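# Fold and contact review
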Amino acid sequence: MDKLSITGGNPLSGEITISGAKNAALPILCASLLTADTLRLTNVPQLRDVMTTQKLLQGMGMRVMTDNVHEFELTGASVDKLEAPYELVKTMRASILVLGPTLARFGEARVSLPGGCAIGSRPVGEHIKGLQAMGAEINIEHGYIHARAKRLKGARIITDMVTVTGTENLLMAAVLADGVSTIENAAREPEVVDLAECLIKMGARITGHGTDTIRIEGVERLHGAEHAVMPDRIETGTFLCAVMMARGRVVLRNTRADILDSVLDKLREAGAYIEAGDGWIAIEMRERAKAVSIRTLPYPAFPTDMQAQFMAMNTLATGTSVITETIFENRFMHVSELARMGADIHIDGHTAVVKGVDKLSGATVMATDLRASASLVIAGLAAEGETIVDRIYHLDRGYEHIEAKLGGVGADIKRVGTAAH
Ligand code: EPU
């Protein structure tokens, strides 16, 4: 199994090109199920979760052509297997995103229930409730969600909590429903906006995306389109935190500052010098970071997907920070691993208190989720000696060639192990 070996201490300098956003690419790939025509996607990140989605769609009968690893043409004319099997859903919860579009276009879908995962129980009740409000008949049998509806009907849906993939599933269902739907308390995440913009190019009638009320006027059918996936704001934020820890100056290209306001504000509070323009962000950090407290909340507040990386940064900061996780109940698994590197962190329920220490020391560490693994990599960049990050298949789910990108700006990082990525 592959590992990353990182020898800390090198400051970072140069440029990194940011990939397309994982959490926009996954729903947009699933949107191809809504039409028999061809959906052409560019800026698709080369990630394990994208490969899993491709496999899932191909298993349903989707024709997938790839000119190069970042460009996909998906044609849904021969989709005939309306099922997401347990074997794939268990490896990637986002497989639930085929439920809404498959049901809307074909009148039936069977999707394995995702079950628990490393960061919490993550139920999908809101997805099911919303589809039922649109007239779907849903049975849970043999571990599968079995949904049926001749044609979905427009409905007013108010979700109990803000859910990103829930909003995306209901949005993809509503675009082909008969009549008008509203999704209230909708997720405002930029990835939801990117999906909506792709659907509009396919002929959907959507307004209000990016606010907490999305209005959808159902149409009879959608057609093919071409769409470039938005940049990955979490990959961007992760490399910004890497510079905070390793220090230096790095310019991030093919990204956007306007969707990272809460993160950039906190980095400036920690002492970073940040400039941004059209498609780029530059960060310079020459001294020890100041501790910054954060509280994770739905967009536009501070993202849960950046919590672990800020925790890593705070371990070496001057002062004490308080980190409160309000989205997922079990997203502090990196704490015990950071502690093995010398961090001083105390957890009480959903809150972690981080006392900055003078140094971290390299150790063998591993994590059981994607962002936790990223936090260990950036901690390794600042630790004394060698850090081995084990089980990096989590990283490969969501970061494209992380070792090549960090190595390109001067980090001493290499992949060791059996299989090349
Ligand atoms: N929730 C429910 N019932 C539901 C749906 C959600 O109780 O029916 C709860 C969840 O348990 C959680 C909260 O609502 O406590 C928010 O969950 P959400 O549904 O928004 O999460 P998600 O859609 O499953 C997406 C991202 C995650 C990201 C979260 C929060 C994708 C594919 N995944 O998950 O990304 O952390 O939104 O922003 O978009 C990652 O990339 O590492 C990752 C985990």
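Residues numbered from 1 in each chain as written. Predicted model: local features only at pLDDT ≥ 70, side-chain atom pairs only at ≥ 80, totals over all residues. Heavy atoms only, no water.

The name given to the protein chain in an unreviewed UniProt entry is UDP-N-acetylglucosamine 1-carboxyvinyltransferase, and the organism recorded there is Chitinimonas viridis. One UniProt comment on the protein chain, placed under Subcellular location (unreviewed entry), says "Cytoplasm". Taken directly from UniProt, the Catalytic activity (unreviewed entry) text for the protein chain runs: "phosphoenolpyruvate + UDP-N-acetyl-alpha-D-glucosamine = UDP-N-acetyl-3-O-(1-carboxyvinyl)-alpha-D-glucosamine + phosphate". (UniProt positions renumbered as here; feature names shortened; annotations may be inferred.)

The next subject is unusual backbone geometry. With glycine set apart, most residues show a phi of negative sign, and most peptide bonds adopt trans. In this structure, Pro300 follows Tyr299 across a cis peptide bond, with omega equal to 10 degrees. Residues other than glycine seldom take positive phi values, yet Asn43 does so here, at roughly 60 degrees. By the secondary structure assignment, Asn43 is in the loop between strand E3 (38-42) and helix H2 (48-59). A relative accessible area of 23% places Asn43 in the partly exposed class. (Helix = DSSP H or I, 4+ residues; strand = E, 2+ residues; numbered from the N terminus. Buried < 20%, exposed > 50% of the residue type's maximum accessible area, 1.4 Å probe, protein only.)

Per the UniProt record, the feature "active site" (unreviewed entry) sits at Cys117. Among the structural elements, Cys117 can be located in the loop between strand E7 (108-112) and helix H5 (125-133). Leaving out residues up to four positions away in the same chain, Cys117 has contacts with Arg93 and Arg122. (Contact = heavy atoms within 4.5 Å.)

Okay, the sheet that holds E7 next. Read across the sheet, 4 strands follow the order E6-E7-E9-E8 without closing on themselves; strand pairing throughout is mixed. In the strand order of this sheet, the two ends are held by strand E6 (83-84) and strand E8 (137-141), each with one partner. As paired strands, E8 and strand E9 (residues 144-148) are joined by 5 bridges and run antiparallel to one another. Note that in E9 the partner of Ile138 across the bridge is Ala147. (Pairing = 2+ DSSP bridges.)

Per the stated rule, a full pass over the model turns up 29 salt bridges. The salt bridge involving Asp67 is made with Arg40; its shortest N-O contact spans 3.4 Å. Of the two residues, Asp67 sits in strand E4 (residues 63-68) while Arg40 sits in strand E3, which places them 27 residues apart along the sequence. For Asp67, a relative accessible area of 56% puts it in the exposed group. Put simply, Glu275 and Arg249 hold a salt bridge, and the shortest N to O gap is 3.9 Å. Placement of Glu275 in strand E16 (residues 273-277) and of Arg249 in strand E15 (residues 248-253) is noted, with a sequence separation of 26 residues between them. On the basis of relative accessibility, which here comes to 35%, the residue Arg249 falls in the partly exposed class. In this structure, a network of salt bridges that share partners links the residues Arg40, Asp67, Glu71, Glu73 and Glu226. (Salt bridge = Lys/Arg side-chain N within 4 Å of Asp/Glu carboxyl O.)

A word on the packing of helix H4 (residues 99-106) against helix H6 (residues 164-174). When two helices pack together, you describe them by how their axes are tilted relative to each other and by the distance separating the axes. The geometry of H4 relative to H6 is characterised by a closest axis approach of 7 Å and an angle of 15 degrees between their N-to-C directions. On the basis of their axis angle, the class for H4 and H6 is roughly parallel. In the crossing of H4 with H6, the sense of the turn from one axis to the other is right-handed. Touching Leu99, Gly100, Pro101 and Ala104 of H4 are Asn169, Met172 and Ala173, all from H6. When its residues are assigned to classes, the contact of H4 with H6 shows 5 nonpolar, 2 polar and no charged. (Axes fitted to C-alpha atoms, helices over the stretch in contact; angles between N-to-C directions. Parallel < 35°, antiparallel > 145°, perpendicular 65-115°, else oblique. Left-handed = near helix turned anticlockwise from the far one by under 90°. Nonpolar A, V, L, I, M, F, W, Y, C, P; charged D, E, K, R; others polar.)

Another aspect to go through is the packing of aromatic side chains. One pass over the full model with this rule turns up 1 aromatic pair. Relative to Phe310, the ring of Phe302 has its centre 4.8 Å away and its plane inclined at 80 degrees; by these criteria the two rings are edge-to-face. Summarising the burial analysis for this pair, Phe302 and Phe310 share the class buried. Sitting above the plane of the Tyr144 ring, Arg110 keeps its charged end 4.3 Å from the centroid. (Phe/Tyr/Trp six-rings, centres within 6.5 Å; stacked < 30°, edge-to-face > 60°. Lys NZ or Arg CZ within 6 Å of the ring centre and 35° of its normal.)

This brings us to the sheet that holds E3. The strand order E4-E5-E3-E14 describes an open sheet built from 4 strands, whose pairing is mixed. The open sheet has two free edges, formed respectively by E4 and strand E14 (225-228), since each of these has just one partner strand. Direction aside, neighbouring strands of the sheet carry axes that sit 15 degrees apart on average. Pairing between E3 and strand E5 (residues 71-75): 4 bridges, direction antiparallel. Across the sheet, residue Thr38 finds its bridge partner in E5, namely Thr75. Sitting on the sheet, helix H7 (residues 190-201) is in contact with E3 and E14, with an inclination near 160 degrees to E14.

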